[in-house]
Protein chains: 4
Amino acid sequence: MPRPATGRKKEAILDAAVVEIASHGYHGTTVAMIARRAGVADGTIYLYFRNKEEILVSLFDRAMDRFVEQGARELADLTEPAARLGRIIELHLELVGSDRDLAIITQVELRHSLHFLDQLSRAKVGAYLQAIAAIIAEGQAAGLWRTDLEATLLAKAVFGVLDEMATDWVLSRRNTRLQARAEAVAAFVTGALRPLP
Amino acid sequence: MPRPATGRKKEAILDAAVVEIASHGYHGTTVAMIARRAGVADGTIYLYFRNKEEILVSLFDRAMDRFVEQGARELADLTEPAARLGRIIELHLELVGSDRDLAIITQVELRHSLHFLDQLSRAKVGAYLQAIAAIIAEGQAAGLWRTDLEATLLAKAVFGVLDEMATDWVLSRRNTRLQARAEAVAAFVTGALRPLP
Amino acid sequence: MPRPATGRKKEAILDAAVVEIASHGYHGTTVAMIARRAGVADGTIYLYFRNKEEILVSLFDRAMDRFVEQGARELADLTEPAARLGRIIELHLELVGSDRDLAIITQVELRHSLHFLDQLSRAKVGAYLQAIAAIIAEGQAAGLWRTDLEATLLAKAVFGVLDEMATDWVLSRRNTRLQARAEAVAAFVTGALRPLP
Amino acid sequence: MPRPATGRKKEAILDAAVVEIASHGYHGTTVAMIARRAGVADGTIYLYFRNKEEILVSLFDRAMDRFVEQGARELADLTEPAARLGRIIELHLELVGSDRDLAIITQVELRHSLHFLDQLSRAKVGAYLQAIAAIIAEGQAAGLWRTDLEATLLAKAVFGVLDEMATDWVLSRRNTRLQARAEAVAAFVTGALRPLP
DNA sequence: AATGAATGAGGCTTCATTCAT
DNA sequence: TATGAATGAAGCCTCATTCAT
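Every value quoted in this text rests on a predicted model; they were computed, and no experiment measured them. (Residues numbered from 1 in each chain as written. Chains lettered and ligands numbered in written order. Predicted model: local features only at pLDDT ≥ 70, side-chain atom pairs only at ≥ 80, totals over all residues. Heavy atoms only, no water.)

Visitor: Tell me about the interface of chain D and chain C, and name the residues and values.
Guide: Facing 40 residues of chain D, the contacting portion of chain C comprises 39 residues. Buried area between chain D and chain C, both sides added, is near 3600 Å², and the carbon and sulfur share of it is 64%. At the junction of chain D with chain C, the criterion picks out 2 salt bridges. Between K156(D) and D168(C) there is a salt bridge; the shortest N-O distance is 2.8 Å. At the boundary of chain D and chain C, one finds 8 residue pairs in polar contact (both at pLDDT 80 or more). Along the lines of polarity and charge, the residues of the side of chain D that touches chain C split into 22 nonpolar, 6 polar and 12 charged. (Contact = heavy atoms within 4.5 Å. Buried area = accessible area lost by both parts, 1.4 Å probe. Salt bridge = Lys/Arg side-chain N within 4 Å of Asp/Glu carboxyl O. Polar contact = N/O pair within 3.5 Å; in protein donor to acceptor, adjacent residues only side chain to side chain. Nonpolar A, V, L, I, M, F, W, Y, C, P; charged D, E, K, R; others polar.)

Visitor: Tell me about the relation of the copies chain B and chain A, and name the residues and values.
Guide: For the pair of chain copies, the relating operation is a rotation around an axis with a shift along it. Between chain B and chain A, the superposition needs a rotation of 180° and an axial shift of 0.1 Å, giving an RMSD of 0.2 Å. Considering both components of the superposition, the chain copies are consistent with a two-fold axis. In terms of proximity to the rotation axis, the leading residue of chain B is A192(B), whose C-alpha is 1.8 Å off the axis. In this assembly, 100% of the residues forming the interface of chain B have copies in chain A that are likewise at the interface, indicating an isologous arrangement. (Least-squares fit on C-alpha atoms with pLDDT ≥ 70 in both.)

Visitor: Any chance you could break down helix α6 (residues 100-107) of chain C for me, citing the residues and the numbers?
Guide: Of the positions making up α6(C), those classed as buried are A103(C), I104(C), I105(C), T106(C) and Q107(C). Sitting at the amino-terminal end of α6(C) is D99(C), which places a side-chain oxygen 3.2 Å from the backbone nitrogen of D101(C). (Buried < 20%, exposed > 50% of the residue type's maximum accessible area, 1.4 Å probe, protein only. Helix = DSSP H or I, 4+ residues; strand = E, 2+ residues; numbered from the N terminus.)

Visitor: I'd like to hear about the arrangement of the chains, residue by residue, with values.
Guide: Of all C-alpha pairs spanning chain A and chain C, none lies closer than 13 Å, and the two are not in contact. Nothing in chain B touches chain C; the tightest C-alpha to C-alpha distance between them is still 21 Å.

Visitor: Provide a residue-level description of the packing of aromatic side chains, including the pertinent values.
Guide: Considering all chains together, one arrives at 8 aromatic pairs over all chains under this definition. Arranged with centres 6.0 Å apart and planes meeting at 85°, the rings of Y128(B) and F159(B) form a pair that is edge-to-face. Of this pair, Y128(B) sits in helix α7 (residues 114-141) while F159(B) sits in helix α8 (residues 151-171), and the two are 31 residues apart along the sequence. Overall, F159(B) belongs to the buried group, its relative accessible area being 6%. Put simply, the rings of F67(A), Y128(A) and F159(A) touch in pairs and so form one group of aromatic residues. (Phe/Tyr/Trp six-rings, centres within 6.5 Å; stacked < 30°, edge-to-face > 60°.)

Visitor: Account for the nonpolar core, with residues named and values stated.
Guide: Grouped together as the largest cluster of nonpolar side chains are 130 residues, with contacts concentrated most on L85(C), I136(C), F188(C), I45(D), L85(D), I136(D) and F188(D). Leave out the neighbours within four places in its chain, and I136(C) touches L85(C), W145(C), A151(C), L154(C), A155(C) and V158(C). Counting residues in hydrophobic clusters, the runner-up holds 128 residues, among them A16(A), V18(B), I105(B) and F159(B). (Core = buried A, V, L, I, M, F, W, Y, C linked by side-chain atoms within 4.5 Å.)

Visitor: Residue-level account of the side chain of D168(A), with values.
Guide: Position of D168(A) relative to the elements: it lies in helix α8 (residues 151-171). Each residue touching D168(A), except ones within four places of it in the same chain, is listed here: R181(A), R122(B) and K156(B).

Visitor: Tell me about the interface of chain B and chain A, and please be specific about residues and values.
Guide: Every contact between the two is made by 40 residues of chain B and, on the other side, 40 residues of chain A. Both sides together, the interface formed by chain B and chain A hides about 3600 Å², and carbon and sulfur atoms give 64% of it. Here chain B is connected to chain A by 2 salt bridges. At the junction of chain B with chain A, the criterion picks out 8 residue pairs in polar contact (both at pLDDT 80 or more). Of all the secondary structure elements, the ones that give two or more residues to the side of chain B that touches chain A are α7, α8 and α9 (182-193) of chain B. With 13 residues, the single largest contributor to the side of chain B that touches chain A is α8(B). The residue makeup of the side of chain B that touches chain A, split by class, is 22 nonpolar, 6 polar and 12 charged.

Visitor: Requested: an account of the environment of A166(C), with residues and values cited.
Guide: Residues and elements named next belong to chain C. Its location among the elements puts A166 in helix α8 (residues 151-171). Considering only alpha carbons, one finds A166 and L85, 81 residues apart in sequence, at a separation of 17 Å. Excluding anything up to four places from it in sequence, A166 contacts V96, Q107 and L178.

Visitor: If you had to explain the pattern of salt bridges to someone new, which residues and values would you point to?
Guide: Counted under the stated rule, the structure contains 43 salt bridges over all chains. Here R66(A) ties to E11(A) by a salt bridge, and the two come within 3.8 Å at their closest N and O atoms. With R66(A) in helix α4 (residues 52-75) and E11(A) in helix α1 (residues 4-24), this pair connects stretches of sequence that are 55 residues apart. On the basis of relative accessible area, R66(A) is assigned to the partly exposed category, the value being 45%. On the basis of relative accessible area, E11(A) is assigned to the partly exposed category, the value being 32%. With its nearest N and O atoms 2.6 Å apart, the salt bridge here joins R37(C) to E20(C). Here R37(C) is found in helix α2 (residues 31-38), whereas its partner E20(C) is found in helix α1 (residues 4-24), with 17 residues between them in sequence. Given a relative accessible area of 49%, R37(C) falls into the partly exposed group.

Visitor: Any chance you could break down the protein's contact with DNA strand E for me, citing the residues and the numbers?
Guide: Around DNA strand E, 32 residues are found, and the nearest of them are T44(B), Y48(B), Y46(C), T44(D) and Y48(D). Sugar plus phosphate: this is where 68% of the atoms of DNA strand E within 4 Å of the protein reside. With respect to DNA strand E, the side chain of K9(B) contributes an N or O atom lying 3.1 Å from a phosphate oxygen. Between DNA strand E and T44(D), the relevant distance is 2.5 Å, taken from a phosphate oxygen to a side-chain nitrogen or oxygen of the residue. Of all the secondary-structure elements, those providing two or more residues to the surface near DNA strand E are α3 (42-48) of chain A, α3 (42-48) of chain B, α3 (42-48) of chain C together with α1 (4-24) and α3 (42-48) of chain D. The dominant element in the surface near DNA strand E, judged by the number of residues it contributes, is α3(D), at 5 residues. Split into classes, the residues belonging to the surface near DNA strand E amount to 12 nonpolar, 13 polar and 7 charged. (Near = heavy atom within 4 Å.)

Visitor: Before we move on, could you go through α8(B) and cite the residues and values that matter?
Guide: Compared with an ideal rise of 1.5 Å per residue, which puts 21 residues at 30 Å, α8(B) spans 30 Å between its outermost C-alpha atoms and is within 8% of the ideal. Within α8(B), 20 of the 21 residues are buried, which leaves it mostly tucked inside the rest of the structure. (Expected span 1.5 Å × (residues − 1).)

Visitor: Explain the environment of S23(B) residue by residue, including any values.
Guide: Residue and element names in this part refer to chain B. Following the sequence through the fold, S23 ends up in helix α1 (residues 4-24). Since its relative accessible area comes to 52%, S23 is described here as exposed. Sequence separation of S23 and D101 is 78 residues, and the distance between their C-alpha atoms is 7.7 Å.

Visitor: Hey, could you go over the packing of helix α6 (residues 100-107) of chain A against α8(A) for me, with residue numbers and the actual values?
Guide: Residues and elements named next belong to chain A. Where α6 meets α8, the closest approach of the two axes is 10 Å, and the angle between their N-to-C directions is 120°. As the angle between them shows, α6 and α8 are arranged oblique. The two elements α6 and α8 cross, and the hand of that crossing is left-handed. Residues R100, A103, I104 and Q107 of α6 touch α8, and the partners they reach there are D163, A166, T167, W169 and V170. (Axes fitted to C-alpha atoms, helices over the stretch in contact; angles between N-to-C directions. Parallel < 35°, antiparallel > 145°, perpendicular 65-115°, else oblique. Left-handed = near helix turned anticlockwise from the far one by under 90°.)

Visitor: If you had to explain the side chain of R146(C) to someone new, which residues and values would you point to?
Guide: Residue placement: R146(C) occurs in the loop between α7 (114-141) and α8. A polar atom in the side chain of R146(C) sits 3.4 Å from the backbone oxygen of A192(C). Leave out the neighbours within four places in its chain, and R146(C) touches Q140(C), L154(C), A192(C), L193(C), R194(C), P195(C), L196(C), A187(D), F188(D), G191(D), A192(D) and R194(D).

Visitor: Mind laying out the environment of I132(B), listing which residues take part and the relevant values?
Guide: All names here are of chain B. Mapping I132 onto the fold places it in helix α7. Between the C-alpha atoms of I132 and A16, which are 116 residues apart in sequence, the distance is 32 Å. Aside from chain neighbours lying at most four places away, what touches I132 is L85, I88 and A155.

This is the structure:
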């Protein structure tokens, strides 16, 4: 039986880390800063994380888990490839747009080193890309979408569009909602996948 | 009297920085590492750069200047929006793909902090985005491309695709050439911009 | 719960600083030297002092506090201006003369920059000067001392004499005791304050 | 035959050093700063001075030489001890007060290390003290001044008063003239030296 | 005599991590 | 589990000094 206190303190540390890293960057954030905001002692951090880097990893993992979990739930009763892809686009922008601090981390901080981007993010991002590719392949098989380009490449293109929208939103000072762009992005993607005449 | 050595030493430092930062990351690279590879004393670095961060900035500026310069030259005699956009796609992948170390920096290291990505990169990237948007707007005006979406948004989408391809290539261990994807990307973009029926 | 170790470690650092700075000068003393002598790690210094300069400031503050405290105690039951001034002279030379290392710092090292001497020392020295001036003014009012010169100026003169004696003693190699000059200095000052005929 | 150009450049360096050291302190002033203000190259400094410290030494020597020279001239036709001492007081305050930058150096910067104050300044200051002591001894022998205290001690006391007045003036922001205090100081000293009843 | 680019030793300071309590 | 004082390695940067021109 999991002790609730344990999970709660770990969560508190992660929550604190999101805020601090979002505003000071990963290297600009000290373990002490995270500890102070989380309301724990510096040493306590090391009861839950092997080292500073693991906090960042856990942060990303937690976000991805939530994303995957919600995605699985929301896509469960959608069978049409177009509907599924549209929902993914919505979800992606919705989730990234729902927490600017976390978005700063996923769109900016997590990309700060080859080592990092490669070993950690990409593993999960790879699975995400494959999920998109599967949907696209399905649509291609159903004759809905262009088949002159591989589903894998198309998936990367779609991801690239989503990622750029997210980054652009994070970097823009304007007080817009990322989610508001979902419709346009969906229109773009849908148009891009049309079969060639 | 022009002192050729001056420019040359600064270039040597930047060249050394590209290699070191590409393989150890910005924070994993010490000024001493760069100096050693450049064949100068540590202190010499500071005759040419105010601090470590300025090396990274200069690196990006140099790369962007070369990019812009070559872009301007190559696009000079192309008038057709489709041709211009196609050439930009080729150039983007060609230039990023021509120097993997530099690509690692532009695709990964430069994105390590909001401050950085915001103040430095985005200023120049913004100009690039606008250049693409202008071409797209031209194509829209000529009735070549879909007009249901704003040129600005379409430009971001196109950039997102290019950027994702570049990042994907940087992170993939496979010995492929980024440039090889130019044709497929162009096909994708061309298809995506088709007018709606 | 009071942690006695804390205060003690800070004291140890200050004690070590006195010795090192006295023999190598402020600029010739490194933080590492102080740490080694104090038996702590370099970083520990920064748990107690914001930076190297603050060590010097604290040194002076601690010395002044002790001086003021002892001065207040010793002057408490003296009412006669002459007795009070005489006691101050004794105390000044006694305290400066009781710790040659500390004396080197107060007489020499602390005067190493306008900024320093101005902002730090002078604030406290100013209060000291005023205390002397008050005693002199009292003596003047009582008709004991010359009134053709302002008490403020006379106080500076008295301080100048004490300070010069202290500096002279610090710089002299001879193994004399500074305190031994108290009587002569008192005689000088007493004579100097005599009313004009 | 001395080359005039040589002397002139050395003077320029010393003049520049006075200004820079007065406003940034000895340790806060770099050789490059002095060189820039003097209008010479960094390396040129080393054609005239062995190292940075020697600049400070030369500065003091030059000032003392001028002081001694002027003192000798002005005291030449004064025979009365009282007049001679009075003139010294005037001269001391006049010369220190005539160049605030130089005063900052003599009153503050030169005292920044035992090594310095000891080896360099004190040698010359010692001669100065002896000159004052000689005058006082003369006055004592003539029965003008108190004899219960040694001339050497009295000389230090007088010097202490002058030095404190100078330091006080340097540290005070007020726009007063140091020389204006000469009369009061002379009155104090004269009174202090009166024979005991 | 003069230059000023280049040197490189060394200092201050930060901060991830540990460990005795 | 929790603490937080202590550690000490390591980095950025400065600047007095040199030397080829």
